[in-house]
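# Summary of structural features
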Amino acid sequence: MRMKSPFTTSFGTEWNKQFILVEARDEDGRSGWGEAVAMAEPLYNEETVDTVWILLKKHLLPLLWQRELNHPREVAGWFTPIRRNYMAKAAVEGAIWDLFAKEQGIPLYRALGGNKNAIDVGISIGIQKNQEELLAVIEKYCNEGYKRIKIKIMPGWDTEIIAAVRCRFPDILLMADANSAYTLEDINRLAALDRYQLMMLEQPLAHDDMIDHAQLQQQLRTPVCLDESIHSVEDARKAIELGSCRIINIKVGRVGGLTEACRIHDFCRSHNVPVWCGGMLESGIGRAHNIAITTLPGFTLPGDTAASSRYWEQDLILPEVTVEQGRVQVPEEPGIGYEPCRERIDYHTLYSETFRNGE
Ligand code: OSB
Ligand code: MG
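Residues numbered from 1 in each chain as written. Chains lettered and ligands numbered in written order. Predicted model: local features only at pLDDT ≥ 70, side-chain atom pairs only at ≥ 80, totals over all residues. Heavy atoms only, no water.

## What about the packing of helix 9 (residues 233–242) against helix 10 (residues 258–270)?
Direction vectors running N to C along helix 9 and helix 10 enclose 25 degrees, while the axes themselves pass 9 Å from each other. In terms of their interaxial angle, helix 9 and helix 10 are classed as roughly parallel. Pair helix 9 / helix 10 crosses with right-handed handedness. On helix 10, the residues touching Val233, Ala236, Arg237 and Ile240 of helix 9 are Glu260, Arg263, Ile264, Phe267 and Cys268. Class assignment of the residues belonging to the contact of helix 9 with helix 10 gives a composition of 6 nonpolar, no polar and 3 charged. (Axes fitted to C-alpha atoms, helices over the stretch in contact; angles between N-to-C directions. Helix = DSSP H or I, 4+ residues; strand = E, 2+ residues; numbered from the N terminus. Parallel < 35°, antiparallel > 145°, perpendicular 65-115°, else oblique. Left-handed = near helix turned anticlockwise from the far one by under 90°. Contact = heavy atoms within 4.5 Å. Nonpolar A, V, L, I, M, F, W, Y, C, P; charged D, E, K, R; others polar.)

Put into structure tokens, the structure is as follows:
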């Protein structure tokens, strides 16, 4: 799916989003849907659209056929012997969670233990051509009501940009995401950001690091938030114990699914660490899952779940996700609560394959 505008981060630019959807069907003809958020290139993490396909076909789906499934929470355990490949696991598990909620006749957010009828959302803004364009884009999204502005930073697009944004918008909730573009050698440059009242600085250091982040956090007043470094509740525990961050970004795909996302939420909540839901430029299907998980009470900070129209001319779900005054209403229909549109999905589908229990 072509995005309305390119999205640039410290690791690259995304124009055409390629992704895999998983549809889980039961004997009664109901469907549950999941989205694999891995990108075409292994730049955010090591997974790609191609690796997800192989994992699904050769390793994950065969595990599902081996036992009788009673509850979606069992799936994560069955997948545990398979190392990493979190986004592939999450896509299958998400489809099963949606199907389960539909079979129970309850919204997915209720099945997960959520309790909000609306969620606060912010927006993530990619690196722009120049400062003026960034300021214009921020103004537009502030006017649309988004509750928090996140800007992407990298060496050469950081201190001066943040200073300019802060000068122009003194009161907005503002944060910056570096997607691992810095090292501890940049510590003075990063510490200089303390004067701009950022809500947090997201994943400044290496994608797989917690040690250097702990050292950085010790020297920053600004809270560090980990994104790429967190794949499990064990990772969250270690990060909190080490002091590597004060906030955690939970992405359902990055942690292997909704069950693990709930566990991380529970752990952080009991340790008074605020969490929020990140995004991966999802279609409406992944977006619906993000909305559901954000209804858990520990998601106290606005996430990156923006409106469908921020990304797509036409999303894959009906109705599309809309944002009013920085809030998304949580649907009460069973499952993800948005209807995947077969016609639109078929239009974009390059390849599909059906796998049946027993084959
Ligand atoms: O680091 O949060 C990130 C998009 C792609 C890959 C990584 C990230 C992002 C975003 C965009 O920040 C979030 C969204 O609007 O979906
Ligand atoms: Mg991030």
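## Thoughts on the pairing of strand 4 (residues 31–36)
With respect to burial, strand 4 is a largely interior element, 6 of its 6 residues being buried. Inspection of the sheet shows strand 3 (residues 20–25) paired to strand 4 by 6 bridges, in the antiparallel sense. Opposite alanine 24, over in strand 4, you have glycine 32 as the bridge partner. Between strand 3 and strand 4, which follow one another and run antiparallel, lie 5 residues, and glycine 29 among them has a positive phi close to 85 degrees. (Buried < 20%, exposed > 50% of the residue type's maximum accessible area, 1.4 Å probe, protein only. Pairing = 2+ DSSP bridges.)

## Section: the coordination of the magnesium ion (ligand 2)
Taken together, Asp177 (OD), Glu202 (OE) and Asp227 (OD) make up the full set of protein donors to the magnesium ion (ligand 2), lying 2.1 to 2.3 Å away. Within one chain, the residues serving as donors to the magnesium ion (ligand 2) are arranged as D-x24-E-x24-D. With aspartate 177 in strand 8 (residues 174–177) and glutamate 202 in strand 9 (residues 201–202), this residue pair connects regions lying 25 residues apart in the sequence. On the accessibility criterion, aspartate 177 (1% relative accessible area) is buried. Its relative accessible area of 0% is what places glutamate 202 among the buried residues. (Donors = N, O, S within 2.8 Å, 3.2 Å for Na, K, Ca; no water.)

## Considerations on the site of ligand 1
Near ligand 1 there are 17 residues, and of these Ser124, Asp177, Asn179, Leu281 and Tyr311 occur at the shortest range. Here methionine 280 contributes a backbone N or O atom positioned 3.3 Å from an oxygen atom of ligand 1. Protein contact buries 99% of the 390 Å² of open area that ligand 1 shows by itself. Of the residues belonging to the shell around ligand 1, the class tally is 6 nonpolar, 3 polar and 8 charged. (Near = heavy atom within 4 Å. Polar contact = N/O pair within 3.5 Å; in protein donor to acceptor, adjacent residues only side chain to side chain. Areas by Shrake-Rupley, 256 points an atom, 1.4 Å probe, with all protein chains shown as cover.)

## Looking at the environment of glutamate 320
Within the secondary structure, glutamate 320 is located in the loop between strand 13 (317–318) and strand 14 (327–329). On the basis of relative accessibility, which here comes to 24%, the residue glutamate 320 falls in the partly exposed class.

## Section: the packing of aromatic side chains
A complete count under the given rule lists 5 aromatic pairs for this structure. Between tyrosine 311 and tryptophan 312 the ring centres are 6.3 Å apart and the planes differ by 35 degrees, which places this aromatic pair in the tilted class. Taken individually, tyrosine 311 and tryptophan 312 each receive the classification buried, so the pair is uniform in this respect. The ring of tryptophan 15 carries arginine 2 above its face, with NZ or CZ at 3.8 Å from the centroid. Above the plane of the ring of tyrosine 311 lies arginine 310, whose end atom (NZ or CZ) is 5.0 Å from the centre. (Phe/Tyr/Trp six-rings, centres within 6.5 Å; stacked < 30°, edge-to-face > 60°. Lys NZ or Arg CZ within 6 Å of the ring centre and 35° of its normal.)

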